[in-house]
Each structure stands twice: as C-alpha cells, then as structure tokens.
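Understanding the architecture of this molecule
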There are 4 protein chains.
Amino acid sequence: MSQPRQVVLAYSGGLDTSFCIKHLSLEKGYEVHALTVNTGGFSPEELKALEQKALDLGAASYRAVDALPAYYQQCIRYLIFGNVLRNNTYPLSVSAERMFQALETVKYANEIGAQAVAHGSTGAGNDQVRFDLVFEILGNDLEIITPIRDLQLSRQAEIEFLEKHGVNWPWEKAQYSINQGIWGTSVGGAETLTSHQALPEQAYPSQLTAEGPLDLTLHFEKGELTGINGAKASHPVAAIQALQEIAAPFAIGRDTHVGDTIIGIKGRVGFEAAAPLLIIKAHHLLEKHTLTKWQQYWKEQLANWYGMLLHEGQLLEPVMRNIERFLEDTQSTVTGKVFLRLHPYRFELLGIESGYDLMNSGFGQYGEMNKAWSGQDVKGFTKILSNALKIQHFVSQKNEQDD
Amino acid sequence: MSQPRQVVLAYSGGLDTSFCIKHLSLEKGYEVHALTVNTGGFSPEELKALEQKALDLGAASYRAVDALPAYYQQCIRYLIFGNVLRNNTYPLSVSAERMFQALETVKYANEIGAQAVAHGSTGAGNDQVRFDLVFEILGNDLEIITPIRDLQLSRQAEIEFLEKHGVNWPWEKAQYSINQGIWGTSVGGAETLTSHQALPEQAYPSQLTAEGPLDLTLHFEKGELTGINGAKASHPVAAIQALQEIAAPFAIGRDTHVGDTIIGIKGRVGFEAAAPLLIIKAHHLLEKHTLTKWQQYWKEQLANWYGMLLHEGQLLEPVMRNIERFLEDTQSTVTGKVFLRLHPYRFELLGIESGYDLMNSGFGQYGEMNKAWSGQDVKGFTKILSNALKIQHFVSQKNEQDD
Amino acid sequence: MSQPRQVVLAYSGGLDTSFCIKHLSLEKGYEVHALTVNTGGFSPEELKALEQKALDLGAASYRAVDALPAYYQQCIRYLIFGNVLRNNTYPLSVSAERMFQALETVKYANEIGAQAVAHGSTGAGNDQVRFDLVFEILGNDLEIITPIRDLQLSRQAEIEFLEKHGVNWPWEKAQYSINQGIWGTSVGGAETLTSHQALPEQAYPSQLTAEGPLDLTLHFEKGELTGINGAKASHPVAAIQALQEIAAPFAIGRDTHVGDTIIGIKGRVGFEAAAPLLIIKAHHLLEKHTLTKWQQYWKEQLANWYGMLLHEGQLLEPVMRNIERFLEDTQSTVTGKVFLRLHPYRFELLGIESGYDLMNSGFGQYGEMNKAWSGQDVKGFTKILSNALKIQHFVSQKNEQDD
Amino acid sequence: MSQPRQVVLAYSGGLDTSFCIKHLSLEKGYEVHALTVNTGGFSPEELKALEQKALDLGAASYRAVDALPAYYQQCIRYLIFGNVLRNNTYPLSVSAERMFQALETVKYANEIGAQAVAHGSTGAGNDQVRFDLVFEILGNDLEIITPIRDLQLSRQAEIEFLEKHGVNWPWEKAQYSINQGIWGTSVGGAETLTSHQALPEQAYPSQLTAEGPLDLTLHFEKGELTGINGAKASHPVAAIQALQEIAAPFAIGRDTHVGDTIIGIKGRVGFEAAAPLLIIKAHHLLEKHTLTKWQQYWKEQLANWYGMLLHEGQLLEPVMRNIERFLEDTQSTVTGKVFLRLHPYRFELLGIESGYDLMNSGFGQYGEMNKAWSGQDVKGFTKILSNALKIQHFVSQKNEQDD
C-alpha cells in the first residue's frame, strides 16, 4: 500500500479550513498537517482549542507557530519606519500578516517533507494570491491545493458536509467577519459590500469604554517604539501590545479602506487599529522634526511602494530588501519622545522632544528675528532662485510678442 | 521738482504694513498705493475700515481686489483635484493665498505704472520669498522694497515711530497671530515656537458650539464641490463658504503643521480648516471609487509636487501648468455624492454614490463568489505572476549553493 | 443547418497565421475573416499578395487596414514627446504597433458582428498578452481563439498540416525573424536567445551603403517632426518615412534590447530604428534648451511609465490619457531646428536653434561675466541654501559629542 | 604685531588661483596655504611644478592631497552603481570632483587651524556654489573668500597685476578650457557658448589614434569594475585608469551636455569620458540581466536624484547616504563579465555572462516553447489582469450611454 501524500494546511479554525481538513483527509486521502501561524490574533488558550478541533476533524498532526518575532522584525518595523498607510488610510493589518502565514506554511512543509500545501481562501479576494505567490515561489515541487476556491461551496453546503461526517459543531455565522492580528483587526460585513454604508458602531470588536482625555508619551529609538510613559518595554512587540491595551478602549484608529485588489476589482473593508495608527502618526511627527525635506520625500516614495508590493503579495521581490536598507538607514536620528492625547474616537499629537530635533536648534527661528542670516542674504537668495523663471518668463513674453 | 516714485504696497492693515505706509511715504518720499488682496479673509466692512486706515496713514490711494475667483480657478481647484495636504497634514492655507496676493500686487503696479512694489514680510519666514519671487519674475524693472525685513525693528519701535508721527492707534498684540482666508486659518503663538507644545483650545478662532452628530452630503462634479445636501451652489466658492459655515462650529480640521521652510529651517504652525479638510477627504474617497490604481498613484505623485512647489512660491514654474492639465484630465469621472458625519472635533466618511463607481459594477465582488472569472483563472494568474520571482529565487539559491 | 461562427483573425501572412486560417476554417468550422493591420510594415504590393494568400487558404474575406494615422496620432507622437526608450535603449518598435493591431482587430470584429477574434501568438512572449488584454477589455462577448498557443505545434507540424491540405508553399525559415513597422524593425535569432552574443552584421535588414558625413536639419513644431532640411512635410508620418530613407543607409539606430516581459521572464531582441532614434535624440536635445528643469524631470517620470504600460499592453489604462495631456501640454515651446551629422553606424547632435531657447536669452551666460546678478547675490543664495544642511550638521555633531 | 590670518586656498595652478595667491598674500595680508586636491587630473610631475609655482607666487605653504581613494569610495562607485548620466548624457565629470576638492579644502583648513578658506571660481557657474555650500556647512567659523567672483577682473587685468608684482609667466589662453579628472574631461570653448555649434574635432584632448575593432571584457564584482580581459586590477581606480588607456585612442565617450545650472541659467559643456561611458553602459547591461524590473525602476529613480543633488553641490544631504545604502544593496548580484567592441568614435555592447543572469536560467525562454507554464495559465493571467480595465471600460460605456 502506497503512502498517503502529506499536505500542510494553513489552518485558522474557521468553517472553511475546518472543511478543508475533513475534505482533504477523507475524500482526497491526504495526510493533513494543520498549521496555525499566530501573528498576534490567538491566545494560548485559543491555540489549545484549535489543536483539539483540528485533531477531531481528522488532522494527522497540529502545530502552532509563533510568527510574531519574525513578523515584527521583517515587516512591521519597516511599516513603522515608512509610516505605511495604504491609500493614506489602512495600516495593512491583514495583508502583512497573510504573507507571514504563507511563508511559515511553506517553510513547515519543506521541513516535514510534505508533498503539498493548502490554503482555504476563496477565489474572490487578495489572500488567495498572497498564498499562491509564496507557495509558487518558495515551494518548487509542492502541489498547491485550494479546496474552497475550487469547489465554490456555499457555507451551508460546507456545514452539511461536515455534519454528514459527524461534525455537529455550531458554525453560527457572525454578522461580521473579523480578522485579528497585532497590526490591526479587519471587519467585513453587509455594509462593506456597498459603496455608501459605514459599519455600525457594534460591528467593531473594541467598544468605547474610556473617557479621557489621557496623555501619553511614546518613546522611539531609531524609529522603533521602545517604551511608553517612561517605561522601557522588553521588546517593541510588547510595547505595541501594551499601547493597544491602553488605546483600544478609546475606540481609536477605526476607518474603512477602499482599495484595488490584486485581481483588479475594488474592495472595501473596515478596520480598527488603535496602536498601529498611534504609532505611525507619532513616528511620522518625530520624523518631521528629525529628517531633512528630501529624506522625507524619498522615504514616502519608497514606503508607499513597499506598502503596495506587500499588499499585493510581493514581499519576496528583491527590491523590498533594498527599500528596507534605505528605510533603516534613515532612522538613525529618529529617536525621541512623542506626546499624545487620547480622546474617545480620536487623538491629538501634542509635540515631540528629541536631541535630533532640527527645529529650535540654536539657529534662526521660523517667523522670528534671527542672526544666522541677513535680509540681504535672502534678497540674494531669491534673486538667484528666480533666475530660471525670470528667463522663462522673458523668453515666453518675447515669443508672444512675436506672434 | 521731480515726481515722487510710486510704490504699490501689499497692505493687510496690521502693524507691519501700517508702519510701511508711514515709513515709505514720510521718510522715503514714495507715493504709496496701498493694495489689499482679498483671498477670503476680509468682509466688506473690514475692507472699508482698511481703506480709511491706509489713507489716514498717508497712502496716496487705496484699492481692494477680490482675488477669490482667480484664486479658486487657478489654484484651489487643483488643490482639491490633488487632495493636497502638505506633509500629509496642512491644506496650504497661507502658502496658496500669499501667491495670489503677490500676483495681484505686481499686476496692479504694472497697471498704474508704479516704479516699485513693497511687502511687509520679515526676514525669517516663507512669505518674503513668495513675494520676492513673484516680484522678481513678473516685475522686470520694478524696485522691490521690504522695510520690515531691512530695518528689523521691534514691534515696540514700530509703534513708537507711528506715535511720533501722530498715529496713536491701539496696536494690542494678540496672543496668537491669525491669518485667515477661504482655504483655512493659520494660528501662531508661543507654543508653535516650541517643538513640544500644542496650541491650547482658546487659541483657535472657531470655537466648538455644535453638538452633532450631523450627517452631510457633498456633491462633486468632475472633482469640484458643486452642492451640499442636495442644494446646488451658485459657484464652488459659495459651496466652500457654505460648508465652512456648517462645519466650523464642530471645531473640525485643526492640526499643527511641521515643515521645512524655503529658507531651510523647520517651522511649525497651527491651523483650522474645517471646509478644506472635509472637501479634500471626501474628494479623495470619491476618487478611490472612481479612478484606477495607477491614476491614483500618479495623481498623488504630481499633486504632492504641486503642493510643494506652490508652498515654496513656485506657482509660475511651467511644470505647474502641465500638472494642472494632468490633474484636470483625471477628474472626468470624479462625479458623485459623498456622505459624511460631523462630530465635535472629528468627522467620519460614511460612503459614496457615483455612476462612475468602479466597485459594485456588476462584475465580481470582493470577498464574494462571482462569475466573471474562475479559480482556474486565478491559478493561471498567480502562476505567471510568480514567474519573475520564481526564477530570481531559483538563480539566487543556485548561487548560494555554489558558494 | 446553423450558421458558422465568424472569427476575425489578425493576419500577418506568416506561417503561424496562415496555419490559423486553414485550421480555423477547416477543422473548427469558423468563417474566417482575415485582417491585416498595417502599421508601416507592408507595401501595397505586399498587401495585395497577402490578400491572395488569405483567400487561397480559405478565408471568407480579407481586409487590410491602414492604421498608420491612428498609430501616429494616438501613440507615436507621445513616444516622441516623452523621448521614450525602454530601458534607455528600445523605441518600443514592436510593442506599440501590436496594440494598434489588436485594437483594429477587435474593432473590425465588432463592426462585422463576428463572434470571435483570433491571434497567432505563441505562449512564450509579450504579444499574446497584448492581444488578449485588448480582446478581453473591448470585446465583451467575443470568444478569444489562440490556436498557436493552444496547440503548441512545431513549425514542421504546421507545414505538414498545410501540405496535407494542399498548401505547398515554400515556408523557408529565415535565419532571423523580422518584424517591421514605421517605428522600427525588430530582429530575433539564435544570438538573441543567448545572453552573450550580439547579432552579426548580416542579420540587420538595412545594410550600410552610405559613407557620410551628412549634415541634417530636423524641424520640430510643438514637439512634432514637421520637416527636414528646410522642406516641410505633408504630415509627420511622411517626415518620419523620409528621414528613414535618408538615415537607414547609415546603419544607424541598431542595438539589442534586454528587458522584462509581461510574463516575468527576461527577453532579448535586436532592432534597427534609424529614424526613431534620430528623432528622439534630437527632440530630447531641443527640450533641454526649451523646457525648465522640473518639466524635464516630470516628463521623464511620466514618459518612462507611459512606455512601460504601453510595452505591457496597458494602452487602455485611463492614466495613459492623463499622461498624454501632460506630455502634450509640455510641448508648447518645443519648436525649433535641430542640427545633426550622420556617419556610418553613428550620428552626432550638433546643436539647436529655437525662439524658445532658454540659453543665450540675453541674461547671464554660463561661465562668463554677467550683469543679471552680483557675486554678493550668489553669496546670499548659497548662505540661505546651506541653512538646512548647516543645521543638520550642527545637530548631528552635537549628538556625536554627547555619545 | 598681530599674526596674519591664515587662509587655505583651493589651488589648481591656473591664472585665477595664481592671482589669488598673490592678491591674498600681498594685498590682503593673509598667510596663504595653497592646496591642490588631486582627483585624477595631475601627474606627480605636474604637482611638483604646481608646488614650485605656488611658493614662487608667495604661498606660505603648499600641499597636494590625493583625493582619488576617497573620491572613488564615496562617490564614483555610487555613480557606477546608479548608471548616473546627467540628462541622460553627462557622467558628472566636473561636478563630482569639485565636491571632493571642497571637502578636502575645508578639512585641511580645520586641521591647520586656518581662519579662512578661499576658492577661485567666478560668479557665473556651478563651481562657486559647490565650494560655498561645503564651506558654509562644514566650516562653521571659517571666513569664505572668493576674490575672482568679488573683483570681476578680466583675464588681462589679472595678468597685469601679476606682472606688476614680478610674475612674468606665460599665461597663454588656451582656445579651449579643459578640466581633467579620473571621471572625465570637460571642454569649454566659443562653440559651447552658443546653442547651435558643436566642438570641433581638435578641441578634444584625446585624439583618435586607434583603428579597431577591439574586443574587450570588463569584469564586475558587486557592481564594481575589478578587472579587464581576465586580468584582475589591484583596485577599481587602477581598473578605470587602465580602461581609459585602452579606450581613449578610440575617441569614445564624447558628447555635449546641456543642463540647468544651480543658479538657474542653462549651460552647455563638451566632454570626453571614454572609461566612464564604457563602464556605465556595460554595468547597466549587466544589471538588465541580473536585477528584477522593480529593482531597475527604483534604482533609476534614486540614482537620477543622486546625480542631480551631487551636481548641485548637495553631497552632504543625509538622503544621499540613504540612497547609497539602497544602491549598494542592489549590487549583490551584479557580478559577471560584459563583452564590448570598440570602434573609432563608438562602441558596441555584445553581451554578458553571469551566474546571476535571470535570462536563460532553465525556465521558459522568451519566444520559444517552454514547460514552466501552459497557454491555459496565460489565459487565466490575462483574464485576471484585464479585470480592472474591463470594469473601467464597462462603467465608462454605461455612463456614455446614459448621457
């Protein structure tokens, strides 16, 4: 008797990937190895429960990987360095973590010598492309299995299939589909399928419970969040998590992202991301004080591109490494404190303090008298600065007169 | 006896330009023609009062120019088309209008055959450069006079000079210096000279008086604001003013801009700009639904540059005309309604409705099953899409093994 | 008996599309309407011969479309305005014309009410994608048929199939595959499949016959080539053709393009494009004299992107229209003469003459004494210009000392 | 008696800087320390002669600094990594070396505790700005002296002044002013002051003496030229010099640069730069084979900017360091051989050979049958790729019908 083929399945515990375990093991004869890649959305208890469910469904083995350190080190820090908000709004909460789930899945498949990898994404969104691309690029000989996309079953059909095979779990469809990770929580529902409706208050997992105002100090070292209110964090990941604890009760960082999917259609999704928004806006303010104009200009160019390629599943493109070197190099002076004030649903950036502040450095002050240069100097400056346009205007007028 | 030289002075009615009238006419022997260029900051009554003051100070003539139509047509609409927020924050409230004040000043000087133009800016900020550049470029033979920058007098010295010459008006220094125009109001004070302090609540001219929430509909046609809540405005300028009336009581659109001045130092200024912020954010959302990904990408590139050059006094650079053609051409589909909700100090974008909406167009829906393409199509897509990186990964690994 | 389905085939007269006529009509039962879209590669005699061949092969009808006017007006002129050379080398000789062949094919299919369109491209290059994209976007309900890609027949198998069906024409495989159009001729062969070999002299259709040197004057009006050596052309297309006549005997404009295909692999192709290279380089020189620094900067950005999207079959992307408006607007001053000298295998740009020349305009001259500004002005200029970096250096040193 | 103030003068041995020594020491009472910063233009014998001349003119001391290693390491290698040709033409021969002359001058002044620095540039070009900026930024308390710019003496007046003070050397004005360095030689003359004339053959220092064709192999390691024709060079600087020896007799790399000066006027200058052109073009070809599409795209963006800022004297801008990190990081795969053929006045790039070649890597071949993907895959690819424009076209048509 031949060995069954082994498949590593990216398993989240939802209906779709639960269906996949049963379908692949029972109907397709695969030995299914369920893998949950934790990018900040699962507690130890939840992972324990996931393991039990996977094995009950017929998985040959279950494993949970803590991808947070790699996710932070290889991705989130660059999103902070780059102040990355897709379409000026969305911190890439889902896009970024999906890549690391795909990376860990193919890595694990190679480790255990599996012949296949599987994901449970549908055929209508970005996630399928992210998984496919990573599997194609890094999983040279691995078969890629995508039951949900291929079978196009309805939710009800999946439930019936599971029930037929003795799985009578409650699969109540939440009114809103939630995807949670350290860099934000996405929220989809009936409203986000329209162009004109906003998500209602109750759709958001983090409800308003704080009153405020609450003043906060964020500490950055070379662009990384290293502490809050004078207390140094053990690791930037811990600082992000601590900030999320403080800020989530203010219902901060909610918005709706409207964007172009990789497959060419427009998509809309709600999200809440208190800590990511606070960090990015605070970090950006600190940079306005500590970087030159052209550093800021080129950072924005490259970081927008970085966000776009990441969003589109192209984290493995070598230019991403090159951009990371650029971004990292710009952060050498992005050290200091940022002062914020939290209110229900909003926050204010109060100011910064930094040894690298290029404002108030002892030179001339904006709008005040100064001694670093004279009015005569500015006259020379503007005279020379106007040369090109003065000539252009002169030539232009001469031609108009000639006509 | 020789004719006195004529100078056109950009006159705002403040201490500095009041000093200039007296100084230029009395001490320098110029015939001073005071010109107030209204970009939305002055009521007819205020202009009347300014006229009286100018003549009392010794101006040979006074004129007020309504620059709003030109300012809107040649500038504000492009700032809307481009969603221009300098450093992702500031709608260029002051920068933009200063250019039109300079343009009107030099134009008037040419009209009346004056031999000189004058402005009252100090030697420490951006405004002097904006005035100087326009005067240099368009005012070929005009002398440029800048008494405040040249004399570097203290406020007190200016007052004493005026008093010595019989002008005993109250020149109480407001705690905050305010510059008001249709595209926003800037606020400077002791706090904005530091890096760490925010402006206090009372520094802002528009205080919170509304409670909310208040739902609003903005109507856009080819990128221009043409109506509010179903009522068509007589002109986009009127629509902006009406929106400002509605929104200002919510104390919306306040922030602090930190940026690089043209003369190389960092500067910080507070502002409130309710209507500009609402319009730009609503317009941007409408574009997310009605423009393609690459239209949005290149609009952002060009619009940021447009904002930067405008901020730096380079409105006359021919590339600005080229960018305007690009921006205008992108707006042919930016027509529709945007739904907003105002709250004290903040607002929400609820959604849009447009015949040009590229979402929900009858094709496949994001995250839902669809019939426009199959899972098989996406497999082919991702297979081909992965080619470049698959090869790159293959070659890269081969080289690592060879080492 | 049911009507046969009608298909419009983009027909070039080569082995592949000849096979398609026979295959589609005989084996697939289609009524084949052969369409040759002439983008400058065919003489009237050649088109006459193509018609006969198509009908002999079993086409139900034959039509030749002169796409040159549209091709010039909607594409080539923008390639000139943008000085477009892909990867700094290749004038997009094939990429550009392929789009117009696809556009005309789908347009004709819609006109005659055909149910299908077909092209004869293989599955290994860019052309299939260009045809597919245009067919998909504009041919809503049209079936897309691609026999060569689907069947993957060898050349020999195609010949045998034709012979079996009575077509015993000589199909001698040329050593080099040539694609000729008004904007250049591509040359592929054994060498271009390697990375290290150049095409031999004899691979190029235009052989060296002139001796030179020959001096030439090109006349441009608003960016378009309107005459040569003082003689005005009837149309820019005629000017391009006349220049090609003059320049081809010098064996100018040969090179090898190495680039990334749309499907992710690298490709290499030789080309000769005497007139396109002369025009682009001459036009670019004229722009260096007549456009400002930032106009040149942004033109290059947008034109490179334009060339990339065109190359990748995305001519229908709306941003292309926006870019065209930008490019067109920049050309208002690109009028004048450019002087060149042709030698065997190379040419020199001697200089230009233009009423819009921003050099030698009566203002200060580079490297010479001048009266438009003083040394004192430049001192002020550089003092202010150094402010930002002076502060940055000061702050940076202070921090190093503190460490 | 008080100590004379010490000035370090950037000394090239020409009439202008010779005048400066005599003028500053004799008329202004400075103790003049002449410094020649060698960036590849001087032989040891020439430096010896310069020393004698400087001392004869009254310099208190003379020093020659070999700036080549720093110049290569901190600048030229990035110009190669970035394939930098200003305005697509000029390798920045003069611009780049001027910066290092300024840097060494201010460094030396700080070392010896001088109170002033001086340069001999006129008030009409770029060089004055380059010197001024570096002196301003790095020479905090140093006086900046610019006699030639300030006095605006004619050539004849300078000669007469020197003769009056006993210096009766021959100062024959060469018909063409030449500036020579390792990265190219600039040539200015009567023709370059016009827009329409090219430099005559005899204006170029390197005359044609070779016949050719001559085949050459250049070896690159991580983007740096490390050898020629199989022989490893001791240092990239030695490789550049050796290549120049080989290539100069072919009169290769001549052209005329037309560009925007820092002070706003257009300038024109001829140059010859055989080795720089060969290296940049060969390096660029190697990159086309070994970098991905987006690596090439962003390299070009950043490198053009790098070239622009360098040209404009902004080498000290921190973004330049960030760009250097990016460029350096892209070069990890730019290793291999490039094959060239030299002819009189021109050269051909024949091809490359590299272990990092992304073409011919065992995957599908451009234009040939392949097994890495199927025609079906490409159909899926183009179907999905067309989605966005298909929707856009659909919506666009719907709106036209509604109108």
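The rules behind these values
- Residues numbered from 1 in each chain as written.
- Chains lettered and ligands numbered in written order.
- Predicted model: local features only at pLDDT ≥ 70, side-chain atom pairs only at ≥ 80, totals over all residues.
- Heavy atoms only, no water.
- Contact = heavy atoms within 4.5 Å.
- Buried area = accessible area lost by both parts, 1.4 Å probe.
- Salt bridge = Lys/Arg side-chain N within 4 Å of Asp/Glu carboxyl O.
- Least-squares fit on C-alpha atoms with pLDDT ≥ 70 in both.
- UniProt positions renumbered as here; feature names shortened; annotations may be inferred.
- Helix = DSSP H or I, 4+ residues; strand = E, 2+ residues; numbered from the N terminus.
- Pairing = 2+ DSSP bridges.
- Axes fitted to C-alpha atoms, helices over the stretch in contact; angles between N-to-C directions.
- Phe/Tyr/Trp six-rings, centres within 6.5 Å; stacked < 30°, edge-to-face > 60°.
- Buried < 20%, exposed > 50% of the residue type's maximum accessible area, 1.4 Å probe, protein only.
- Polar contact = N/O pair within 3.5 Å; in protein donor to acceptor, adjacent residues only side chain to side chain.
- Expected span 1.5 Å × (residues − 1).

Listed per partner, the contact involves 89 residues of chain B and 89 residues of chain A. Both faces combined, the contact of chain B with chain A buries some 8000 Å², and carbon together with sulfur accounts for 58% of it. Inspection of the region where chain B meets chain A yields eight salt bridges. We note a salt bridge from B:Asp150 to A:Lys379, for which the minimum N-O separation is 3.3 Å.

For the pair chain B and chain A, the best superposition has an RMSD of 0.0 Å and corresponds to a rotation of 180° with a translation of 0.0 Å parallel to the axis. The two molecules are tied by a two-fold rotation axis, judged by turn and shift. Among all residues of chain B, the minimum C-alpha distance to the rotation axis is found for B:Arg346, at 3.7 Å. When the interface residues of chain B are mapped onto chain A, 100% of them again fall at the interface, so both copies present the same face.

UniProt marks residues 6–167 of chain A with the feature "domain: Arginosuccinate synthase-like N-terminal" (unreviewed entry), using the numbering shown here. Between the C-alpha atoms that bound residues 6–167 of chain A the distance is 23 Å, and the span itself is 54% helix and 15% strand.

Next up on the list: the sheet that holds strand β2 (residues 31–38) of chain A. Residue and element names in this part refer to chain A. With parallel pairing, the five strands of this open sheet are ordered in space as β3-β2-β1-β4-β5. The sheet terminates laterally at β3 (61–66) and β5 (143–145), the two strands that pair on one side only. Neighbour-to-neighbour, the strand axes of the sheet open up by a mean angle of 25°, direction not taken into account. Where strand β1 (residues 6–10) and β2 come together, five bridges link them in parallel fashion. The partner of Ala 10 across the bridge, within β2, is Leu 35. Of the strands in this sheet, β1, β2, β4 (116–118) and β5 are in contact with helix α1 (residues 15–27), which crosses β1 at around 170°. Where helix α5 (residues 127–138) meets the sheet, its contacts fall on β1, β4 and β5, and the angle it forms with β5 comes to roughly 165°.

Once that is clear, we can look at the packing of aromatic side chains. Scanning all chains against the criterion turns up 64 aromatic pairs over all chains. Between A:Tyr78 and A:Phe81, the ring centres sit 5.8 Å apart and the planes meet at 85°, which makes this aromatic pair edge-to-face. Of this pair, A:Tyr78 and A:Phe81 both sit in helix α3 (residues 68–81), separated by three residues, roughly a single helical turn. You'll find A:Tyr78 and A:Phe81 in the same group, each marked buried. Between C:Tyr90 and C:Phe271 the ring centres are 5.2 Å apart and the planes differ by 55°, which places this aromatic pair in the tilted class. With C:Tyr90 in the loop between α3 (68–81) and α4 (93–112) and C:Phe271 in strand β12 (residues 266–272), the pair connects residues that are 181 residues apart, well separated along the chain. Taking the relative accessible area as the measure of exposure, C:Tyr90 reaches 3% and is therefore buried.

On to the pattern of salt bridges, then. Evaluation of the coordinates by the stated rule reveals 88 salt bridges over all chains. A salt bridge links A:Arg98 to A:Glu97; its shortest N-O distance comes to 3.8 Å. Each member of the pair A:Arg98 and A:Glu97 is classed as buried. The partner of D:Lys232 in a salt bridge is D:Glu221, and the shortest N-O contact between them spans 3.2 Å. Here the residue D:Lys232 occupies a position in strand β10 (residues 231–232), and D:Glu221 occupies one in strand β8 (residues 214–221), the gap between them amounting to eleven residues. What you see here is one network of salt bridges that share partners, running through A:Arg77, A:Glu224, A:Arg325 and A:Glu328.

Our focus in this paragraph is the interface of chain B and chain D. Every contact between the two is made by 27 residues of chain B and, on the other side, 27 residues of chain D. Summed over the shared surface of chain B and chain D, the number is zero salt bridges. Taken together, the connections running from chain B to chain D amount to two residue pairs in polar contact (both at pLDDT 80 or more). Of all the secondary-structure elements, those providing two or more residues to the side of chain B that touches chain D are α10 (293–311) and α12 (375–402) of chain B.

Moving on, we come to the sheet that holds strand β1 (residues 6–10) of chain D. All names here are of chain D. A sheet is described by the order of its strands in space; here five strands give the open sequence β3-β2-β1-β4-β5, paired in parallel fashion. The sheet is open, and its two borders are formed by β3 (61–66) and β5 (143–145), each paired with just one other strand. Geometrically, the sheet is characterised by an average inter-axis angle of 25° between neighbouring strands, direction not taken into account. Where β1 meets strand β4 (residues 116–118), three bridges bridge the pair, whose relative direction is parallel. In the sheet register, Leu 9 faces β4, and the bridge partner there is Ala 118. Sitting on the sheet, helix α1 (residues 15–27) touches β1, β2 (31–38), β4 and β5, and the angle it makes with β1 is about 170°. In the packing of helix α4 (residues 93–112) onto the sheet, the strands contacted are β1, β2, β3 and β4, and the crossing angle to β2 comes to about 140°.

Further remarks concern the side chain of B:Thr330. Examined against the element boundaries, B:Thr330 turns out to sit in helix α11 (residues 318–330). Residue classification places B:Thr330 among the buried positions, given a relative accessible area of 1%. Ignoring anything within four residues of it in the chain, the contact list for B:Thr330 reads B:Leu291, B:Gln295, B:Lys299 and C:Asn322.

Compared with an ideal rise of 1.5 Å per residue, which puts 13 residues at 18 Å, α1(D) spans 17 Å between its outermost C-alpha atoms and is within 8% of the ideal. Regarding α1(D), the residues found buried are D:Leu15, D:Thr17, D:Ser18, D:Phe19, D:Cys20, D:Ile21, D:Lys22, D:His23 and D:Leu24.

Our focus in this paragraph is the pairing of strand β8 (residues 214–221) of chain C. All names here are of chain C. With seven bridges joining them, β8 and strand β13 (residues 336–343) adopt antiparallel strand pairing. Paired with Thr 217 across the two strands is Phe 339, which belongs to β13. The pairing of β8 with strand β9 (residues 224–228) spans four bridges and is antiparallel. Among the inter-strand pairings, His 219 is bridged to a residue of β9, identified as Gly 227. From the end of β8 to the start of β9, which pair antiparallel, there are two residues, and Lys 222 there has a positive phi angle of about 45°.

With that out of the way, let us pick up unusual backbone geometry. Residue and element names in this part refer to chain C. For the bond from Gly 212 to Pro 213, the omega torsion is -5°, close enough to zero to count as cis. Within the secondary structure, Pro 213 is located in the loop between β7 (184–188) and β8. Residues other than glycine seldom take positive phi values, yet Leu 92 does so here, at roughly 65°. Unlike most non-glycine residues, Lys 222 shows phi in positive territory, near 45°.

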